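As a plain string of letters, each chain reads:
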Amino acid sequence: MRRQERLFGDVPRQVSMDRAFASKDNLAALKERGVVDVCFAKERGLAVADMTRSQWAYDKLRRFRAGIEAGISL
């Protein structure tokens with residue numbers, strides 16, 4: 001994310017990350033930097049309400065990540 005901030009001058013509004021990054025500390029760090037919606041592949045005890053503004057946004061981010069992973073696998 002620091003690279004994106006350096007290249008584009010701002011952090012992304014939404015991010016979808018692998019389950020390896022799923023932690024309360026990482027969620028807090030992302031929210032502190034200004035990310036509005038965060039989606040981890042597995043919640044690992046994190047509430048959807050804490051990660052995103054709505055279940056709809058969470059579902060959209062999960063589907064986006066699944067599509068990217070499918071493309072990589074292909």
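As shown above, the structure is provided for reference.
Residues numbered from 1 in each chain as written. Predicted model: local features only at pLDDT ≥ 70, side-chain atom pairs only at ≥ 80, totals over all residues. Heavy atoms only, no water.

**Remarks on the overall build of the protein chain**
Counting its secondary structure elements, the protein chain contains four helices and two strands. Along its sequence from the N terminus, the protein chain presents helices and strands in the succession α-β-α-β-α-α. When its C-alpha atoms are laid out on the principal axes, the protein chain stretches across 30 × 30 × 20 Å. When each of the 74 residues of the protein chain is scored for burial, the buried share is 27%. If you take every contact in the protein chain between residues at least 6 apart in sequence, the share linking residues at least 24 apart comes to 23%. Accessible area for the protein chain stands at about 5,400 Å²; split by element, carbon and sulfur atoms hold 51% of it. (Helix = DSSP H or I, 4+ residues; strand = E, 2+ residues; numbered from the N terminus. Buried < 20%, exposed > 50% of the residue type's maximum accessible area, 1.4 Å probe, protein only. Contact = heavy atoms within 4.5 Å. Areas by Shrake-Rupley, 256 points an atom, 1.4 Å probe, with all protein chains shown as cover.)

**As for a nonpolar patch on the surface**
On the surface, a nonpolar cluster with roughly 330 Å² of combined accessible area is contributed by Phe-64, Ile-68 and Ile-72. Position of Phe-64 relative to the elements: it lies in helix α4 (residues 55-73). (Patch = residues over 30% accessible without salt bridge, like charges linked within 9 Å, V, L, I, M, F, W, Y side chains within 5 Å. Salt bridge = Lys/Arg side-chain N within 4 Å of Asp/Glu carboxyl O.)

**A word on the pairing of strand β2 (residues 37-40)**
What you see with β2 is no split at all: Asp-37 and Cys-39 on one side and Val-38 and Phe-40 on the other are buried throughout. Across four bridges, the pairing between strand β1 (residues 14-17) and β2 is parallel. Among the inter-strand pairings, Val-15 is bridged to a residue of β2, identified as Val-38. For the handedness criterion, the β-α-β arrangement of β1, helix α2 (residues 24-33) and β2 is classed as right-handed. (Pairing = 2+ DSSP bridges. Right-handed = clockwise from strand over helix to strand, strands pointing away.)

From the geometry alone we can't say anything about function, so treat these as descriptive.
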